[in-house]
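Commentary on secondary and tertiary structure
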Amino acid sequence: MKRVPKGTSPRSLDSFKRASPRSTWDQMRSDALWGGKNAYAECRATSLSNQGGLCAYCEVDIRDSHPLKCRVEHFHPKADVSDDINWALEWANMLAVCAGGSRPELPEGVHYRQSIAENLSCDAHKDRMITTGKLAKTCEGLILNPLQIPAYPNLVAVSWTTGKLVANTQACDALDPWPGNQCGSLAELVNETIAVFNLNCDRLTSHRKLLVFDIERNKRKMRQDGLTADDAFATLARKYFAGRRWPAFFSTIRHCLGSAADAYLREAGYDG
């Protein structure tokens with residue numbers, strides 16, 4: 001779970017909003033009169049590009065833009081339409097996310113598991129919690145919005161043995177109190193966010209464990225080749241983070257490489 005930067009809204013979205021400011025999301029997607037279909041496609045593609053090709057919640061790679069694997073999520077309920085704001089068409093309310101294990105018809109892939117409740121994640125699991133009354137529809141302050149997560153420090157840590165995410169307590173405690181936090185401490189808010197999006201389902205933890213194993217194997221090999229620990233970490237940071245198309249499970253890699261990852265990201269101008 002990382003910061004998601006948000007660039008300027010697509011012109012097609014701005015144009016559609018001027019023509020039909022109170023349209024619903026589904027109305028825009030099916031619209032053929034004011035360019036709604038094109039606006040939807042641009043919102044999806046631009047969000048994905050801003051996010052470096054990763055799901056805003058679990059950080060799996062969705063850059064192939066498969067229509068069933070990548071969709072637009074509204075952090076604030078898109079059904080909330082008032083005179084002041086139409087959340088369905090609000091650019092700052094849109095995130096590109098994966099299917100969250102909710103599409104059993106998708107072909108088996110690297111992050112596939114049987115489509116059951118325990119393996120749902122991201123907005124699919126969040127929606128399930130809302131429909132079962134376990135989470136309020138308006139969940140600001142109850143979970144973190146990726147658009148508001150700081151670029152530094154990394155707020156999550158990963159268990160090298162289980163692949164599970166947990167709040168990076170030291171990093172959380174170093175930050176000022178989180179505005180509107182209804183969970184007590186920032187660490188508690190991070191852990192609640194992990195739970196709501198079910199980021200520790202077996203479908204995700206199993207692949208984090210494989211990634212951690214690969215990183216540790218590379219560290220050992222570089223040490224055997226004569227590199228110092230600092231040089232090995234710096235080399236791996238360049239390997240994983242070079243370019244703007246971020247690797248899947250970005251925050252896991254960042255945690256495993258520690259200060260070397262942050263040093264490289266700062267030098268590269270990373271802001272999400």
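Calculation notes
- Residues numbered from 1 in each chain as written.
- Predicted model: local features only at pLDDT ≥ 70, side-chain atom pairs only at ≥ 80, totals over all residues.
- Heavy atoms only, no water.
- Helix = DSSP H or I, 4+ residues; strand = E, 2+ residues; numbered from the N terminus.
- Rg over C-alpha atoms; globule rule 2.2 N^0.38 Å.
- Buried < 20%, exposed > 50% of the residue type's maximum accessible area, 1.4 Å probe, protein only.
- Contact = heavy atoms within 4.5 Å.
- Areas by Shrake-Rupley, 256 points an atom, 1.4 Å probe, with all protein chains shown as cover.
- Lys, Arg positive; Asp, Glu negative; His and termini not counted.
- Charge placed at Lys NZ, Arg CZ, Asp CG, Glu CD.
- Axes fitted to C-alpha atoms, helices over the stretch in contact; angles between N-to-C directions.
- Parallel < 35°, antiparallel > 145°, perpendicular 65-115°, else oblique.
- Left-handed = near helix turned anticlockwise from the far one by under 90°.
- Salt bridge = Lys/Arg side-chain N within 4 Å of Asp/Glu carboxyl O.
- Expected span 1.5 Å × (residues − 1).
- Arc of directions from axis to C-beta.
- Core = buried A, V, L, I, M, F, W, Y, C linked by side-chain atoms within 4.5 Å.

**Things to note about the overall build of the protein**
Counting its regular elements, the protein contains nine helices and four strands. Sequence-ordered secondary structure for the protein, helices as α and strands as β, is α-α-α-β-β-α-β-β-α-α-α-α-α. In terms of overall size, the protein behaves like a compact globule, its C-alpha atoms giving a radius of gyration of 19 Å where 272 residues would be expected to give roughly 19 Å. Judged by the C-alpha coordinates and their principal axes, the protein covers about 65 × 40 × 35 Å. Per-residue burial over the protein gives 49% buried out of 272 residues. For the protein, restricting intrachain contacts to residue pairs at least 6 apart in sequence, the fraction spanning at least 24 positions comes to 67%. Of the roughly 13,100 Å² that the protein leaves accessible, carbon and sulfur atoms contribute 51%. In the protein, 35 positive and 31 negative side-chain charges are present, and the distance between their average locations comes to 5 Å.

**Concerning the packing of helix α7 (residues 202-224) against helix α8 (residues 229-241)**
Across the interface, α7 lies against α8 with an axial gap of 9 Å and an inter-helix angle of 135°. Judged on the interaxial angle alone, α8 and α7 are oblique. Our pair here, α7 against α8, has a crossing hand that is right-handed. Mapping the contact onto sequence places Leu211, Asp214, Ile215, Asn218, Lys219, Met222 and Arg223 in α7 and Ala229, Ala232, Phe233, Thr235, Leu236, Lys239 and Tyr240 in α8.

**Describing the pattern of salt bridges**
Side-chain pairing between opposite charges can occur once the charged atoms of the two side chains come close. The full count for this structure, using the stated rule, is eight salt bridges. Notably, a salt bridge pairs Asp61 with Arg63, separated by 2.8 Å at the nearest N-O pair. Look at Arg63 and you get partly exposed, because its relative accessible area is 23%. One salt bridge connects Glu216 with Lys219, and the closest N-O pair in it is separated by 2.8 Å. Residue Glu216 and its partner Lys219 are both found in helix α7; the two are separated by three residues, about one turn of the helix. Owing to a relative accessible area of 8%, Lys219 belongs among the buried residues under this scheme.

**Some points on unusual backbone geometry**
For the bond running from Tyr152 to Pro153, omega is -5°, close enough to zero to count as cis. Relative to the helices and strands, Pro153 is located in the loop between α4 (122-131) and β3 (156-158). One non-glycine residue with positive phi stands out, namely Glu59, at about 70°. Mapping Glu59 onto the fold places it in the loop between α3 (36-50) and β1 (71-74). For Glu59, a relative accessible area of 2% puts it in the buried group. Phi at Phe249 is positive, roughly 60°, even though this residue is not glycine. Within the element layout of this structure, Phe249 appears in the loop between α8 and α9 (250-267). Take Phe249: its relative accessible area is 5%, and that puts it in the buried class.

**Focus on α3**
Across its 15 residues, α3 extends 21 Å between first and last C-alpha, which sits within 8% of the 21 Å expected from 1.5 Å per residue. Among the residues of α3, those classed as buried are Gly36, Ala39, Tyr40, Cys43, Arg44, Ser47, Leu48 and Asn50. Within α3, the buried residues cover an arc of 165° as seen down the axis, which keeps them to one side. Count one or two residues on from α3 and you reach Gly52, which has phi positive near 70°.

**A word on the nonpolar core**
Grouped together as the largest cluster of nonpolar side chains are 64 residues, with contacts concentrated most on Cys55, Tyr57, Leu144, Val190, Leu199, Phe241 and Leu257. Of all the secondary structure elements, the ones that give two or more residues to this core are β2 (94-97), α4, β3, β4 (165-167), α6 (186-196), α7, α8 and α9. One finds Phe16, Cys43, Val72 and Met94 within the second-largest nonpolar core, a separate group that totals 12 residues.

**Here we look at helix α1 (residues 11-19)**
Each full turn of the α-helix corresponds to 3.6 residues, which orients residues three or four apart in the same direction. Among the residues of α1, Ser12, Leu13 and Phe16 are the ones counted as buried. Along α1, the residues classed as buried sweep out an arc of 100° about the axis, all on the same side. More than 90 degrees from the buried face of α1, the exposed residues found are Arg11 and Arg18. The inward-facing, buried residues of α1 abut α2 (25-30), α3 and β2.

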